[in-house]
2 protein chains.
Amino acid sequence: MYADLTARELKAVRDYLHSIPELELTEARSKTLMKNSILLIELHLPRKHEALRALDRGQAKPQRQARVIIQFGNKTEPNITEYIVSPLPSPKTHTIKTFKGARPIRFESRPISAVEYYHINDILGKIANKAHKLLFETTGGFSFNNCSNRCLTFSDIAPRGLGPGERRSWIMLQKFVEGYFIQPIGFEILINHQDLDPEKWNVEKVWYNSMFFDSVEELVEKYESGDVEKIKLPEHDDNDLYSSYIPRGHSNTATNIHGPKLVEPQGKRYHVDRNFVEYAGWSFAYRVRSSAGLQVFDLRFNGERIAYEISLQEAIAFYSGDTPAAMQTKYIDAGWAMGSSSYELASGIDCPEIATFVDLYHYYDTDKPVRYKNALCIFEMTTAMPLRRHFDSNFKGGYNFFGGVDNAVLVLRTTSTVYNYDYIWDFVFYQNGVVEVKVSATGYIHATFFTANGLHYGAKVYNHVLGNLHTHLIHYKVDLDIAGRENSFETIDLKYVNFTNPWSPKNFIVQSKLHRTEQKTERSAAFRFGKKFPRYVHFYNPNEKNKWGHQKGYRIQLNSHAHSVLPRGWREENGISWSRYPLAVTRHKDSEATSSSMYTQGDPWDPVVSFEDYIRNNEDIVNQDLVAWVTVGFLHVPHSEDIPNTATPGNTVGFFLRPFNFFDEDPSVASRSTVIVRQGKDGKPKVQRWTPEVIGHCVSDKPFMHF
Amino acid sequence: MYADLTARELKAVRDYLHSIPELELTEARSKTLMKNSILLIELHLPRKHEALRALDRGQAKPQRQARVIIQFGNKTEPNITEYIVSPLPSPKTHTIKTFKGARPIRFESRPISAVEYYHINDILGKIANKAHKLLFETTGGFSFNNCSNRCLTFSDIAPRGLGPGERRSWIMLQKFVEGYFIQPIGFEILINHQDLDPEKWNVEKVWYNSMFFDSVEELVEKYESGDVEKIKLPEHDDNDLYSSYIPRGHSNTATNIHGPKLVEPQGKRYHVDRNFVEYAGWSFAYRVRSSAGLQVFDLRFNGERIAYEISLQEAIAFYSGDTPAAMQTKYIDAGWAMGSSSYELASGIDCPEIATFVDLYHYYDTDKPVRYKNALCIFEMTTAMPLRRHFDSNFKGGYNFFGGVDNAVLVLRTTSTVYNYDYIWDFVFYQNGVVEVKVSATGYIHATFFTANGLHYGAKVYNHVLGNLHTHLIHYKVDLDIAGRENSFETIDLKYVNFTNPWSPKNFIVQSKLHRTEQKTERSAAFRFGKKFPRYVHFYNPNEKNKWGHQKGYRIQLNSHAHSVLPRGWREENGISWSRYPLAVTRHKDSEATSSSMYTQGDPWDPVVSFEDYIRNNEDIVNQDLVAWVTVGFLHVPHSEDIPNTATPGNTVGFFLRPFNFFDEDPSVASRSTVIVRQGKDGKPKVQRWTPEVIGHCVSDKPFMHF
Ligand SMILES: [Ca+2]
Ligand SMILES: [Ca+2]
Ligand SMILES: [Ca+2]
Ligand SMILES: [Ca+2]
Ligand SMILES: [Cu+2]
Ligand SMILES: [Cu+2]
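Residues numbered from 1 in each chain as written. Chains lettered and ligands numbered in written order. Predicted model: local features only at pLDDT ≥ 70, side-chain atom pairs only at ≥ 80, totals over all residues. Heavy atoms only, no water.

Naming follows an unreviewed UniProt entry, where chain A appears as Amine oxidase of Notothenia coriiceps. Looking at chain A in UniProt, the text filed under Sequence similarities (unreviewed entry) is "Belongs to the copper/topaquinone oxidase family." (UniProt positions renumbered as here; feature names shortened; annotations may be inferred.)

Asker: I'm lost on the coordination of the copper ion (ligand 5) in this one. Help?
Answerer: Residue and element names in this part refer to chain A. Around the copper ion (ligand 5), the protein supplies His470 (NE2), His472 (NE2) and His636 (ND1) as donor atoms, at distances of 1.9 to 2.1 Å. Look at where the donors of the copper ion (ligand 5) fall in the sequence and you get H-x1-H-x163-H. One end of the pair, histidine 472, is in strand S25 (residues 470-480); the other, histidine 636, is in strand S31 (residues 624-636), and 164 residues separate them in sequence. Here the two residues histidine 472 and histidine 636 agree in accessibility, since each one is buried. (Donors = N, O, S within 2.8 Å, 3.2 Å for Na, K, Ca; no water. Helix = DSSP H or I, 4+ residues; strand = E, 2+ residues; numbered from the N terminus. Buried < 20%, exposed > 50% of the residue type's maximum accessible area, 1.4 Å probe, protein only.)

Asker: What's the story with the domain arrangement of chain A in this structure? I'm lost.
Answerer: Note: interface size is frequently given as the accessible area lost on complex formation between the parts. Residues and elements named next belong to chain A. Structurally, chain A comprises domain 1 (7-97), domain 2 (114-225) and domain 3 (270-670). In this structure, domain 1 and domain 3 have C-alpha centres spaced 30 Å apart. Taken together, the contact pairs 25 residues of domain 1 with 26 residues of domain 3. Both sides together, the interface formed by domain 1 and domain 3 hides about 2,200 Å², and carbon and sulfur atoms give 54% of it. Three residues, Leu39, Leu45 and Lys48, lead the burial of domain 1 against domain 3; their summed loss comes to 27% of the area buried on that side. At the surface where domain 1 touches domain 3, the tally comes to 5 salt bridges. Salt-bridge contacts for aspartate 481 lead to lysine 48; the nearest nitrogen and oxygen are separated by 3.0 Å. (Domains from an automatic or database assignment. Contact = heavy atoms within 4.5 Å. Buried area = accessible area lost by both parts, 1.4 Å probe. Salt bridge = Lys/Arg side-chain N within 4 Å of Asp/Glu carboxyl O.)

Asker: Would you mind showing me how to read the packing of aromatic side chains here?
Answerer: Between two aromatic rings, the relevant description is the distance of the centres plus the angle of the planes. By the definition in use, this model includes 79 aromatic pairs over all chains. Seen in terms of ring centroids, Phe301(A) and Phe663(A) are 5.3 Å apart; in terms of plane orientation they differ by 70 degrees. Their pairing is edge-to-face. With Phe301(A) in strand S14 (residues 293-301) and Phe663(A) in the loop between strand S32 (652-660) and strand S33 (675-679), the pair connects residues that are 362 residues apart, well separated along the chain. Ring plane angle 5 degrees and centroid distance 3.5 Å describe the contact between Tyr242(B) and Tyr462(B), whose orientation is recorded as stacked. Taken together, the positions of Tyr242(B) in the loop between helix H5 (216-225) and strand S10 (261-263) and Tyr462(B) in strand S23 (residues 458-462) put the pair 220 residues apart, joining distant regions of the chain. (Phe/Tyr/Trp six-rings, centres within 6.5 Å; stacked < 30°, edge-to-face > 60°.)

Asker: How should the confidence of the model for chain A be read in this particular structure?
Answerer: Regions with low pLDDT should not have their predicted coordinates read in detail. With 99% of its residues at a pLDDT of 70 or more, chain A has an overall mean of 95. Prediction confidence for the complex, expressed as pTM and ipTM, is 0.98 and 0.97 respectively. (pLDDT = per-residue confidence, 0-100.)

Asker: Is there a simple way to explain the sheet that holds strand S8 (residues 202-208) of chain B in this structure?
Answerer: Pairing between the strands of a sheet comes from backbone hydrogen bonds, and it takes one of two forms, parallel or antiparallel. Residues and elements named next belong to chain B. Strands sit in the order S5-S6-S7-S8-S9 across an open sheet of 5 strands; the sheet is antiparallel. Strands at the two margins of the open sheet, each flanked by one partner only, are strand S5 (152-156) and strand S9 (211-213). Neighbour-to-neighbour, the strand axes of the sheet open up by a mean angle of 25 degrees, direction not taken into account. As paired strands, S5 and strand S6 (residues 168-175) are joined by 5 bridges and run antiparallel to one another. Within the sheet, the bridge partner assigned to leucine 152 lies in S6 and is lysine 175. Packed onto the sheet, helix H3 (residues 114-130) meets S5, S6, strand S7 (184-192) and S8 and runs at close to 115 degrees relative to S7. Of the strands in this sheet, S7, S8 and S9 touch H5, which is tilted by about 35 degrees from S8. (Pairing = 2+ DSSP bridges. Axes fitted to C-alpha atoms, helices over the stretch in contact; angles between N-to-C directions.)

Asker: I keep staring at the pattern of salt bridges and nothing clicks. Help me out?
Answerer: For side chains bearing opposite charge, pairing can occur when the charged atoms are close. Under the defined criterion, the tally for this structure stands at 110 salt bridges over all chains. Salt-bridge contacts for Arg106(A) lead to Asp603(A); the nearest nitrogen and oxygen are separated by 2.5 Å. Separated by 497 residues along the polypeptide, Arg106(A) in the loop between strand S4 (93-97) and helix H3 (114-130) and Asp603(A) in the loop between strand S30 (583-587) and helix H7 (612-616) bring together distant segments of the chain. When its relative accessible area of 3% is taken as the criterion, Asp603(A) is described as buried. Among the ionic pairs, Glu166(B) bridges to Arg168(B), the shortest N-O distance being 2.9 Å. When its relative accessible area of 21% is taken as the criterion, Glu166(B) is described as partly exposed. Since its relative accessible area comes to 15%, Arg168(B) is described here as buried.

Asker: Quick question: what am I supposed to make of the pairing of strand S15 (residues 304-319) of chain A here?
Answerer: Side-chain direction in a regular strand flips from residue to residue, so the side chains alternate between the two faces of the sheet. Residues and elements named next belong to chain A. With 15 of 16 residues buried, S15 is to be regarded as a mostly interior element. Connecting the antiparallel pair S14 and S15 is a turn made up of 2 residues, with asparagine 302 showing a positive phi of about 50 degrees. For S15 and S25, the ladder comprises 11 bridges, and the chain directions are antiparallel. Counted as the bridge partner of alanine 307 is leucine 480 from S25.

Asker: Help me out: how do you make sense of the side chain of Ser143(A) in this one?
Answerer: By secondary structure assignment, the location of Ser143(A) is in the loop between helix H4 (132-139) and strand S5 (152-156). Residues in contact with Ser143(A), not counting those within four places in the same chain, are His132(A), Phe136(A), Arg150(A), Cys151(A) and Leu152(A).

Asker: Can you help me understand the interface of chain B and chain A in this one?
Answerer: Residue-level contacts link 198 residues of chain B with 198 residues of chain A. Per-residue buried area on chain B facing chain A is highest for Tyr245(B), His258(B) and Trp503(B); these three make up 5% of the total on that side. At the surface where chain B touches chain A, the tally comes to 8 salt bridges. The salt bridge partner of Arg389(A) is Asp422(B), with a shortest N-O separation of 2.8 Å. Between the two partners, chain B and chain A, sit 86 residue pairs in polar contact (both at pLDDT 80 or more). Per element, the largest residue contribution to the side of chain B that touches chain A is 17 residues, and it comes from strand S18 (residues 370-393) of chain B. Its residues assigned to classes, the side of chain B that touches chain A shows 95 nonpolar, 68 polar and 35 charged. (Polar contact = N/O pair within 3.5 Å; in protein donor to acceptor, adjacent residues only side chain to side chain. Nonpolar A, V, L, I, M, F, W, Y, C, P; charged D, E, K, R; others polar.)

Right under this line is the structure:
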C-alpha cells in the first residue's frame, strides 16, 4: 500500500492524463512556459482508516492512487491544480485534490523547473554579455559565455520576492570550478521572471562591490566612468584546491590504506522485500516522496504497531548576511523537491559496502519516470558499543558473571543534495525497541561575497568569501500508534519534595518526585522554542497496560540544538509555523497529512499548507489518534573548517523513540547475540553463546576473554 | 610523563613507605581496621609548567612522583593523609600533600575497603540469624547463612549518614541470583560501623514492609506477634529469567548468527606506543586514575596542542524513593574508585575484535599492584557515514563530480562497573579535528522494594520491585590550550536586527546577527542549569589568527539532558557544587587539579575538594590559561525496558570539541580516504582514489558506483 509508484504506474498515469483533451497537456520539457504540463506524479496515500482496515482486519487493500501536480500555464489565469488519479495501474478517473479550506495554489508559488532555468541561463547570458568586461576584469579572466575552462555559473536565491504573487530572484555569479558554491565573485542580480514569456523578463537590481544599481547598464557605465570601485579578485590559481575534494597536506599516520570496513561473516540478518523490511523484531514499509523524502509506515515490533507513520516533512535553512542574496536566502527544501534530489549512493562512503542498495523512481519535472539508481540503502552495522553489558564482580578478585550483547542496528538511509548542501537521512532501528531518526548535514556551505560588514553574519573562509550564518531546521511527522490508535500524551517533570526524615525525625529529606501532567489539548501540547521543554514527553495508550500495570508508552527524546529563526508571524515565518515548536501534538486527520508543501518556498508569506492551522482549533487529545510533530536543527555559523565541505561530526540532530513501559522487559532479550561468561569449577571462564563459536576467517581469531 | 605507575614503581613506593618505621604500616588486607595502611598509590602528575618546559622547550622531564593515600587507623586520632613520594623508580622522600586551604581529610570520609565489607558481612550474618525465620518466610526459602543456591546478599547505600563524621550505612538485602541488584526482598537495615572495632557496630534502624523498627529484635518480635504485616514474595522460580542475561522469546529475523563485524583489510592506521597514541594527525597520551578514571594529556593535531588535559572528574547518581535506602542513595563514584572498577573488556562486545587491548595496573585497597587485563581498548572504526560528501549535479541528468570521505574514527575506551551499573567512557577522535567525549550507561538499575507510594519515584519493573528515578551527572575537566596557554572565552548568541531593505526601501529586513560576549571573569563564565545556555561557547587564542584573520578557536558543543539534582547548598549538594554548571571556566591552577575527590562520597556535606572554591575568587579569564569544566548527564526514570539492564541507545551524553577557525580549512583534507568520481569523456565514471583499488577479500567486490 505504501510502495511508491512503479515506472509502469507512473507512465500509466501520465498517459491517462495526456489522453484527456480538456487538460491540453504538453511535454514538461518543451521550452515554452506557456503550456499545461505535469510537474509531479507520486503515490497518493490511502486514508488511514482504510489502510488499517486492510492491515488489521484483513479487508481488501484500498485502490492505489496517484497524486499529480499540473501546471496550467496555458490558461487565461494560469494556475496549479492537484489531482487524484485512480485506480492504478489502469487509471479511469481524476478528481481535483483540494487543500484545507479549499485554498488555491498561487501559480507563482510553483517550484522552478528545468525549462525556467534554461531561460534564466539565457537572460544571464545576455546580461553577462553586457557586463563582460567588468566580469572578466573582476575575476581575472572568467566569463559567462564562450569560456572553456574559465567559466562563470550562478546560484539562485529563494524566496523569489517579498510577498505573495512575486517571482523575482536574486542570482549570484560564481566561478564555475569544482565547488562553485563557495566561489562568489561579488556580482548579484535581481531578475523578475514572473512573466510566462521570458522575453519580458527584466533586471530589477544589480549589486556589485556593496553598491546597488537599477540596471546592468547603470553599473557598467559607472564602472567605466570610475564611479564604482572595481573589485579585482586575486589571479585564479588552478593549483589552489580550496573548494575541491582533492587531498592535500600530510598526516603522520597512514591514511593511504583503507580504514576499518564492515563485513557480514555469516550473511545478512535482515530481509528486504521491495519496500518491506524486517529486522530483529522490527517490520516496516518505506517510501520516498519526491517532495519531502523518506517515510516509514506501519512500524511494528514483534507484530505490535508502534507508529503508523514517521516521515520527513520539511528542511529549511534561513540565512543572514550583508549582500542582498544573503539577506534574501530562506531555503525551504520541499519546494526544491528534496525527496527526488537524491543520487547514487557511493558504496563505502555513503553506505557501507555490505549495504543493500535500492533504486527509486521519481516523476518530477520530467516527461517519463526517472530511475534513481541506488538512491536508498539499507544495512546492518555494529556501533562498536555494547547494547547492554554488565561485569558482575564478586569483589574478591573474581566475578560472578559477565553478560553482554553487541549493539548492532539496522539503518535505512537516503540523501538529499539540495543544490549546495547534502543531507543524510537516517532511520536507525535498535534491537531493544528504540528507533532513532536523524539527519546529518554535509556538502558545500552557501557562501556570499565578503564585505567587512558581513562579519556580523559569519566568518571569512577564503579570500573574498563569507560563510553566512544560518539555521537548519527539520520537521518530522511522528504518527505514533501505541498499541492502537487511541493514545494520550503527558509530560513528566521533577519537583522537589521536602519532608521529615522518617528514620531521623530531626532531619529533613529533599528529593525529586515525578510530576506528570496530562496535556489535554493541542495548544497545551505545543511547546515553544525558548520556553522550558519538559524532561520527558510521553505518549501512551490509556487503555493498555504492560505486565507491571503501567500504561504502555513510548517517549520521544530530542537531540537537537534548534531555535526559532524569525519572530513569530514575521513574513516568511508564516510559511514555517511548524518551526515554532520543538514538539507539537495534534489529533490525526487525513486532511493534515503534511506540515508543509512544495509551494511553501514559492509563497512562504501566505502558504497553502500552514501547520498552525492544525492546532488552532485546539482539539482534545485525550485517548485520541495523536500525531507528534518534531522540529530539530542547529545553528550553523560557518568557520574555516567548513571548507571544502561541512563535515558531519557534531552536525547530526534528530530524536529517539524509546519504549517506556511498552514491553514487559527489554525486548532485546530475544537477541541470540548475547554472550555470558561464568567462572567454571576449574576457575577458567566458561563462555555461553547462542551464535557460532567461529565468526569467520575475516574477523579476529583471538579468544573472547581471558580473565 | 603521564604514564601510570608501572607495577615496579608501585611496588617500589609501597616498599619505601613500609620501610619508614614512624608510619607503622601494615597490610591493607589484614582483618583489623585499627591499623595504618596504604589505601592507594598512583601517579602524581607533574606541575603543568614543568611538564610544558619538557614538552615545548626540550628541558628535562620532571621527576616521576607518586601520590599515596594512607589510612591511619592505629592512631589516637585516626586520620587520612596523602603523601607525595619521589623520585621514582627509587623513592627517597615523602612529603605530605595538602588540599586547598590545608583542609584535613575526615577519617570517616574514607572509601570503604574490602576488610570493612568483610566485617559488614559478618554483622549481617548475625543479624540475619536473628531474623532467619522472617527472611526465610518472606522470600520463600532464602537465607543469608548456610544457603547453597537460595542465598541472600546485600547492597550498601551511600552517603553513610546525614552529616560530617558519620559512618552508618543503609543496607538492603537481595536474593543472590544473577542480577541480584534488582532482587530486593523488602528488608533494609541501618548499621552504624563507625567504630574501628567491629564488635562495637550496631543496628540503628530496620525497615520492613514500609515500617521502621529500632532493632532487629523489635521487628522479629512484632513479626511473630502479628503486629507487622508479613511480606510473602511469590515462590522463587529458577526458570524466571527476569534479572538474567539468558536470551528468551523469539524474533522473526535471524539473530543466532553473528552480525556485522569490523575488519581492517590492510592493517591498522594508528600507532600505540605504551600510553602514547597517534592517529590521522592526532597525538595524545592517556592514563587511568584509580579514583576517577580516564585522562588524556597533551592532545595535539598536526603537532599543535589543542588541549593539555581532558579528564573525567566524577560521576554521580542521585536517587529518589520511598524506602530509606532509596531516599538515602546519592552515589558519588570517585569514592568507589570508579577508575579501578574496570574489568576485562569483552572482545566483540565491549570493543570490536580488531581493537588493541591494553592492560592497566592499579594499587587500590590491596597490598600489591593488581593487573587489570585488557581494561582499556583503542580501535579505529567506521561510523558507516561520510565524513564529508557532495554530489554535484549538473541538473541535466548528469553530474559534475562526486566527492566523499569515509568517517573513520579512533576510539579510546574504558569502562567502570560501579557496583550495579556500567559506564562506558569514550574519547572519539575524528579526522577533521573534532574530539567527542562521551559516556554511555548500561548495567543494572539500582532498584528497591516496591511500595504504592514508590510510584511517585519510579516505575514498577517486576513483582515487588521499583526502579527508582535518578539523575546521572558526569563531570569533565577540559584544559584547552588553543595554540598556546593564553586563551580567552566568549559566548555567541544571535540577536534580531531590523533595517530598511536596501533594494526595496519600503520593506524591512529582519535577520539574525552574531552577538559575541567576551566573558571576562570566572563568575560570568559559570552557566547555571535552568538558565539559558549560550548558542556557542568559544575558546580562542586572542593572539593567534588563522589565515583568514579569525582568532584560532575551538568550541564546546554539549550533548546532554542534564539538570540539577538538589537545591543549591542543600546538604549533599555541597559535595557536588560542580553540578551547578553545565559549563564553568576557570583560570588554570595546579592546586585545582580535580573537581572532586575520593572523599566526597564519605563527606559530601563538607567536602575536602569543592569546585565552588575555584570560581569564588572570580578571577580574570582574559588571555589566561583557561580550564573548561563540563557537566553532562540525564534523568533516568526506570521503566520495564531497563530489565534486565539499562541499554545504551539514547543513554549516551557528552560533548564535542570542534575547531572554530582553528585551522585554515578542514584538516581532514589530508585524508587519503577521499574518493572523487567525475564523468569521463566517454560518459563513464572515472574514479579517483588515493587508496588501493582492491580493498581485500573480506569486503565486497561490487563496483564503487554505477552512475
Ligand atoms: Ca487540530
Ligand atoms: Ca497516532
Ligand atoms: Ca579561580
Ligand atoms: Ca588551558
Ligand atoms: Cu549549514
Ligand atoms: Cu540510570
